[in-house]
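Here are the chains, one letter per residue:
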Amino acid sequence: MEDHILSPVKELISRSKNIAVLTGAGISAESGIPTFRGKDGLWNNYRAEELATPEAFSRDPRLVWKFYNWRRALISKKSYNRAHKALAIMERNVPHFTLITQNVDGLHQKAGSRNVLELHGNIWKVRCIECNFEDIDETPDLGELPRCKRCGGLLRPGVVWFGESLDPDILERAIKACRESELMLVVGTSSVVQPAASLSLEAKQRGAVVVEINLEDTPYSRYMDYTIRGKAGEIIPELISKWQ
Ligand code: BV8
Ligand code: ZN
């Protein structure tokens, strides 16, 4: 990795008192978890956008649970990677640090990150569509149509589907963290999904330096002060090497 690109960002990270990080599926790719829009796609010949919706769930809850049970089983066999670990180390060395993720795999927490804002929920969470009972259940396969242990109603995955609003409190905290940051890293996201993608502009408009770490260009690359092309699992450990 060319040092002339890494060293200014490395320097910024070691000097910054307030850092916000936004991650997407790309940071879990090296853990063996397929991304959403990558070539391997997510699942058979369905597109996540078609399955991860309330309409799909009310039309065919068995199919949607088949998709989520498949992803739960897959994620349960994977572990966090060097990029997740490096962000947990960064958090411990930066006075004000907020990790905002679009991922639902929970790997940031497993790697030791503490202040994590899960914009799109968590795949280990379930919620009853009748009584709103919420539970964390890491059983990989919850069966064809999982039932609520309180009222017997149908459970749904505790994630935010396309067309659903994000938890307003979590979104507000994410926006605040970006606005207060002096440096924001945007890692492993195609920056297509809103409102997550526009968080980097919240940081930029308040004078933060924004850095994109990704395999490819995205619609937000043009707003970035630095774009580092490559694998998160190689770049992020290098960026925090002084704290290793
Ligand atoms: C909402 C949970 C209000 C489910 C997910 C404006 C225009 C058009 C549409 C909209 C709009 N505003 C809102 C919408 C609708 C929609 C949207 O954004 N659609 C997109 C497709 C255009 N947004 C919503 O519906 C949001 N709600 O806005 O509420 C509202 C209400 C009603 C009507 C309208 C608005 C809710 C969005 C949340 C959806 N839920 N996940 C689940 O996971 O099962 S989003 C889903 O996509 C995942 O969370 C995923 O994380 C996320 C984003 O994808 P990425 O993380 O970026 O992953 P992707 O595969 O795309 O990219 C990976 C990147 O990593 C690539 O660039 C690749 O090059 C790179 N990479 C790969 N390997 C590596 C790497 N980089 C580094 N290292 C590597 N090794
Ligand atoms: Zn219930």
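How each quantity is defined
- Residues numbered from 1 in each chain as written.
- Chains lettered and ligands numbered in written order.
- Predicted model: local features only at pLDDT ≥ 70, side-chain atom pairs only at ≥ 80, totals over all residues.
- Heavy atoms only, no water.
- Near = heavy atom within 4 Å.
- Polar contact = N/O pair within 3.5 Å; in protein donor to acceptor, adjacent residues only side chain to side chain.
- Areas by Shrake-Rupley, 256 points an atom, 1.4 Å probe, with all protein chains shown as cover.
- 1 Å grid on protein atoms, 1.4 Å probe; cavity = no way out; pocket = protein on both sides within 12 Å on 5 of 7 lines; lining within 4 Å.
- Sits in = over half its atoms within 2 Å of the grid points.
- Domains from an automatic or database assignment.
- Core = buried A, V, L, I, M, F, W, Y, C linked by side-chain atoms within 4.5 Å.
- Buried < 20%, exposed > 50% of the residue type's maximum accessible area, 1.4 Å probe, protein only.
- Helix = DSSP H or I, 4+ residues; strand = E, 2+ residues; numbered from the N terminus.
- Contact = heavy atoms within 4.5 Å.
- Donors = N, O, S within 2.8 Å, 3.2 Å for Na, K, Ca; no water.
- Tetrahedral: all angles 85-135°; square planar, octahedral: opposite > 155°, others 65-115°.
- Pairing = 2+ DSSP bridges.
- Axes fitted to C-alpha atoms, helices over the stretch in contact; angles between N-to-C directions.
- Phe/Tyr/Trp six-rings, centres within 6.5 Å; stacked < 30°, edge-to-face > 60°.

Section: the site of ligand 1
At step 1: Taken together, the neighbourhood of ligand 1 is formed by 35 residues, with Arg37, Tyr68, Arg71, Gly163 and Ser190 sitting nearest.
At step 2: Measuring from an oxygen atom of ligand 1, one finds a backbone N or O atom of Gly163 at 2.6 Å.
At step 3: Taking Leu215, its main chain carries an N or O atom lying 3.5 Å from a nitrogen atom of ligand 1.
At step 4: When isolated, ligand 1 has an accessible area of 1,500 Å², and the protein chains bury 76% of it.
At step 5: Using a 2 Å cut-off from the grid points, one finds that ligand 1 occupies the largest pocket.
At step 6: Here the shell around ligand 1 spans two domains, since at least three of its residues come from each of domain 1 (3-32 + 80-120 + 166-243) and domain 2 (38-77 + 129-159).

Focus: the nonpolar core
At step 1: Within the largest apolar cluster, 27 residues are counted, with the highest numbers of intra-cluster contacts made by Met90 and Ile236.
At step 2: Of all the secondary-structure elements, those providing two or more residues to this core are helix H1 (3-15), strand E1 (18-23), helix H5 (82-93), strand E2 (96-101), strand E7 (183-187), strand E8 (209-214) and helix H9 (232-239).
At step 3: Counting residues per element, this core draws most heavily on H5, at five residues.
At step 4: Ignoring any residue separated from it by four or fewer positions in sequence, one finds Met90 in contact with Ile13, Ile19, Phe97, Leu185, Ile236, Ile240 and Trp243.
At step 5: Counting residues in each nonpolar core, the second largest holds 25 residues, with Ala56, Tyr68, Cys148 and Val159 among its members.

Comments concerning the coordination of the zinc ion (ligand 2)
At step 1: For the zinc ion (ligand 2), the protein coordination sphere consists of Cys128 (SG), Cys131 (SG), Cys148 (SG) and Cys151 (SG), at 2.2 to 2.4 Å.
At step 2: Metal-centred angles of 102 to 117° between the four donor atoms at the zinc ion (ligand 2) mark the site as tetrahedral.
At step 3: As a motif over one chain, the donors of the zinc ion (ligand 2) read C-x2-C-x16-C-x2-C.
At step 4: Given the relative accessible area of 1%, Cys128 is considered buried.
At step 5: According to the relative accessible area criterion, Cys131 is partly exposed, its value standing at 25%.

A few points about the sheet that holds strand E6 (residues 155-159)
At step 1: Across the sheet, which stays open at both edges, the three strands sit in the order E5-E4-E6 with antiparallel pairing between neighbours. With partners counted over all chains shown, the strands left at the sheet margins are strand E5 (134-136) and E6, one partner each. Shown here is a sheet whose adjacent strand axes are inclined to one another by a mean of 35°, direction ignored.
At step 2: Sheet topology note: the strand E4 (residues 121-128)/E5 ladder contains three bridges and is antiparallel. When the bridges of E5 are listed, Lys125 appears paired with Ile136.
At step 3: Lying on the sheet, helix H4 (residues 61-76) is in contact with E4 and E6; it crosses E4 at an angle near 140°.

With respect to the sheet that holds strand E3 (residues 116-118)
At step 1: Taken together, six strands build an open sheet; the order of strands is E3-E2-E1-E7-E8-E9 and the sheet is parallel. Since the sheet does not close on itself, it has two edges, and those belong to E3 and strand E9 (226-229), each with one partner. Neighbour to neighbour, the strand axes of the sheet diverge by 15° on average, direction disregarded.
At step 2: The sheet strands contacting H1 are E1, E7, E8 and E9, and the helix crosses E9 at an angle near 120°.

Side note on the packing of aromatic side chains
At step 1: Tallying each qualifying case throughout the model produces four aromatic pairs.
At step 2: When the centroid spacing of 6.3 Å and the interplanar angle of 50° are considered together, the rings of Tyr68 and Trp161 count as tilted. Residue Tyr68 is located in helix H4, and its partner Trp161 is located in the loop between E6 and helix H7 (168-180); the two are separated by 93 residues in the primary sequence.
At step 3: Relative accessible area serves as the criterion here: at 2%, Tyr68 is assigned to the buried category.
At step 4: On the basis of relative accessible area, Trp161 is assigned to the buried category, the value being 3%.
At step 5: Ring centres 5.5 Å apart and planes at 65° place the aromatic pair Tyr220 and Tyr223 in the edge-to-face group.

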